[in-house]
Amino acid sequence: MSDNQRLKRVFSGVQPTGNIHIGNYLGALRQFVELQEDHDCIYCIVDEHAITVPQDPKELRSHILDVASLYLAIGVDPKKSIIFVQSDVPAHAELSWILTCNSYTGELFRMTQFKSKSQNKESAPAGLLMYPVLMAADILLYDTDVVPVGNDQKQHIELARDIATRVNNTRKKTFVVPEGRFMKEGARIMALDDPTQKMSKSAENIHSRISLLDDENKIKKSIMKSTTDSDGTIRFDVENKPGVSNLLNIYSVLSGKTIDELVSEYDGKGYGDFKKDLVDVTISSLAPIKEKFDEIRHSDELIEILNDGAERANAIAVRTLQRVKDVYGLGLGSK
Ligand code: TYM
């Protein structure tokens, strides 16, 4: 196959930090499954990103296997896609250093995620500042065309594009400039307890999110308790009704019904009925994921899939890294 006939390359990653939630699923993960039908897909568990904040080593290992199992449970097929753990491929950290030398501290300090994560800290870990450079390395290492992510990663993708373009302009064309891919609905799922904040893995209140592995009681409680408003009508209006709009968004994606269809279905009905139905839709959407997760999580097959994925990813990554080292004159060269 010639270069312009090659399938488009997709790369994305999820941090193994526990509590993978429906925001992660609706914004990013569900795209992974859809794209693998006609793209060349690589999905990573980005454990090196996770250690930008302190992690318990046992828990981190366990969360790596959780995320890998969730990839498989939602339908990522290891025959079609590569699934691997970032730290199993050393080229990520190596390319990250080279890209660091092509980044400016000013652009890194401007990243909103850095600003919010370093807020109220006397001294922020340098890893938090370098986080988006490592992410750029993840993406550029595989000559990625498309990066399926949620809206919160837009600025990081822009930075990866800027770094790639900068290197291409100052050296010879070295990198493919990637594009972000964002869902129309679900790209930013908000917290259930405070719909002005995005749903997050690390929020203290467990009822702010629905994790993919939550049991039925927890799902019910979180949705029934979710913050709405006192207006009583079910309509989509993010500005004035952020809670109801967020629930409509989730309901629409999980059920496959449009928001307009839902609004007319619930015309004249109260929030109680609407929430109860959303509970049912959520439980029935997540049940098969949970079932498959339980099947795979402690299997030998999981480890085999990750080892095989690391080998395949590594084969691609070392080639790109050598190409970049040649461009910079690092080492003794490939020949
Ligand atoms: P992470 O682990 O925080 O989140 C995983 C994915 O979930 C999306 N997401 C959301 N989407 C909709 N609504 C939400 N409330 C929500 N919260 C999270 C994220 O946008 C992400 O797509 N930096 C990345 C991991 C990463 C990466 C990469 C991604 C590292 N290297 C290379 C793509 C390519 C992150 O923090 O993901």
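Conventions adopted
Residues numbered from 1 in each chain as written. Predicted model: local features only at pLDDT ≥ 70, side-chain atom pairs only at ≥ 80, totals over all residues. Heavy atoms only, no water. Helix = DSSP H or I, 4+ residues; strand = E, 2+ residues; numbered from the N terminus. Buried < 20%, exposed > 50% of the residue type's maximum accessible area, 1.4 Å probe, protein only. Contact = heavy atoms within 4.5 Å. Areas by Shrake-Rupley, 256 points an atom, 1.4 Å probe, with all protein chains shown as cover. Near = heavy atom within 4 Å. Polar contact = N/O pair within 3.5 Å; in protein donor to acceptor, adjacent residues only side chain to side chain. Nonpolar A, V, L, I, M, F, W, Y, C, P; charged D, E, K, R; others polar. 1 Å grid on protein atoms, 1.4 Å probe; cavity = no way out; pocket = protein on both sides within 12 Å on 5 of 7 lines; lining within 4 Å. Points joined across faces, edges and corners; volume = space filled by probe spheres on them. Core = buried A, V, L, I, M, F, W, Y, C linked by side-chain atoms within 4.5 Å. Phe/Tyr/Trp six-rings, centres within 6.5 Å; stacked < 30°, edge-to-face > 60°. Lys NZ or Arg CZ within 6 Å of the ring centre and 35° of its normal. Pairing = 2+ DSSP bridges. Right-handed = clockwise from strand over helix to strand, strands pointing away.

### Thoughts on the overall build of the protein
And step 1. Within the protein, the regular secondary structure consists of 13 helices and 5 strands.
And step 2. Looking at the protein residue by residue over its 335 residues, the buried ones come to 50%.
And step 3. Look at the contacts in the protein between residues 6 or more apart in sequence, and 75% of them connect residues 24 or more apart.
And step 4. Taken as a whole, the protein presents about 16400 Å² of accessible surface, with 49% of it coming from carbon and sulfur.

### Here's the deal with the site of the ligand
And step 1. Of all residues adjacent to the ligand, which total 27 residues, the nearest are Tyr131, Asp138, Asp152, Ile189 and Lys201.
And step 2. Asn24 has a polar side-chain atom sitting 3.0 Å from an oxygen atom of the ligand.
And step 3. Here a nitrogen atom of the ligand and a backbone polar atom of Met199 are 3.1 Å apart.
And step 4. Protein contacts shield 96% of the accessible area of the ligand, which totals 710 Å² for the unbound molecule.
And step 5. Residues of the shell around the ligand, tallied by class, amount to 12 nonpolar, 11 polar and 4 charged.

### Let's talk about the side chain of Asn249
And step 1. Note that Asn249 resides in helix H10 (residues 242–255).
And step 2. Note on Asn249: relative accessible area 13%, which makes it buried.
And step 3. Sequence-distant contacts of Asn249, that is, excluding residues within four places in its chain, are made with Glu185, Gly186, Phe236 and Ile259.

### Observations regarding the environment of Pro288
And step 1. Positionally, Pro288 belongs in helix H12 (residues 271–296).
And step 2. Pro288 sits 140 residues away from Pro148 along the chain, and the two C-alpha atoms are 23 Å apart.

### Some remarks on empty space enclosed by the protein
And step 1. Evaluated as defined, the whole model comprises 1 cavity of 30 Å³ or more.
And step 2. Volume-wise, the largest cavity comes out at about 60 Å³.
And step 3. If you trace the largest cavity, you find it lined by Met111, Gln113, Phe114, Lys117, Leu128, Tyr131, Pro132 and His156.
And step 4. Its residues assigned to classes, the lining of the largest cavity shows 5 nonpolar, 2 polar and 1 charged.

### Regarding the side chain of Asp138
And step 1. Summarising the element assignment, Asp138 is placed in helix H7 (residues 126–140).
And step 2. Residues in contact with Asp138, not counting those within four places in the same chain, are Phe11, Val46, His49, Gln86 and His92.

### As for the nonpolar core
And step 1. Of all hydrophobic cores here, the largest spans 58 residues; its most connected members are Leu29, Ile45 and Tyr71.
And step 2. With 10 residues, H12 is the single largest residue contributor to this core.
And step 3. Apart from the residues lying within four places of it in its own chain, the contact partners of Leu29 are Val14, Ile20, Asn24, Tyr71, Ile74 and Leu212.

### Focus on the packing of aromatic side chains
And step 1. Within this structure, the stated rule accounts for 9 aromatic pairs.
And step 2. Consider the rings of Phe84 and Tyr142, whose centres lie 6.0 Å apart with planes at 55°: the pair is tilted. Of this pair, Phe84 sits in strand S3 (residues 81–85) while Tyr142 is found in the loop between H7 and strand S4 (146–148), placing the two residues 58 residues apart along the sequence. Take Phe84 and Tyr142: they sit in the same class, and that class is buried.
And step 3. Here the aromatic cluster, defined as three or more aromatic residues joined through ring pairs, consists of Phe11, Phe84 and Tyr142.
And step 4. Of note, Lys154 hangs over the ring of Phe182, and the distance from its end group to the ring centre comes to 4.9 Å.
And step 5. Just above the ring of Tyr266 sits the side chain of Lys269; from NZ or CZ to the centre is 5.4 Å.

### A short note on the pairing of strand S2 (residues 40–45)
Along any regular strand the residues' side chains alternate between the sheet's two faces.
And step 1. Most of S2 is tucked away: 5 of the 6 residues are buried.
And step 2. As judged from the 6 bridges shared by strand S1 (residues 9–14) and S2, these two strands associate in the parallel manner. Bridge pairing in S2 links Val14 to Ile45.
And step 3. As a crossover connection, the stretch from S1 through helix H1 (residues 22–35) into S2 is right-handed.
And step 4. Pairing of S2 with S3, which is carried by 5 bridges, proceeds in the parallel orientation.

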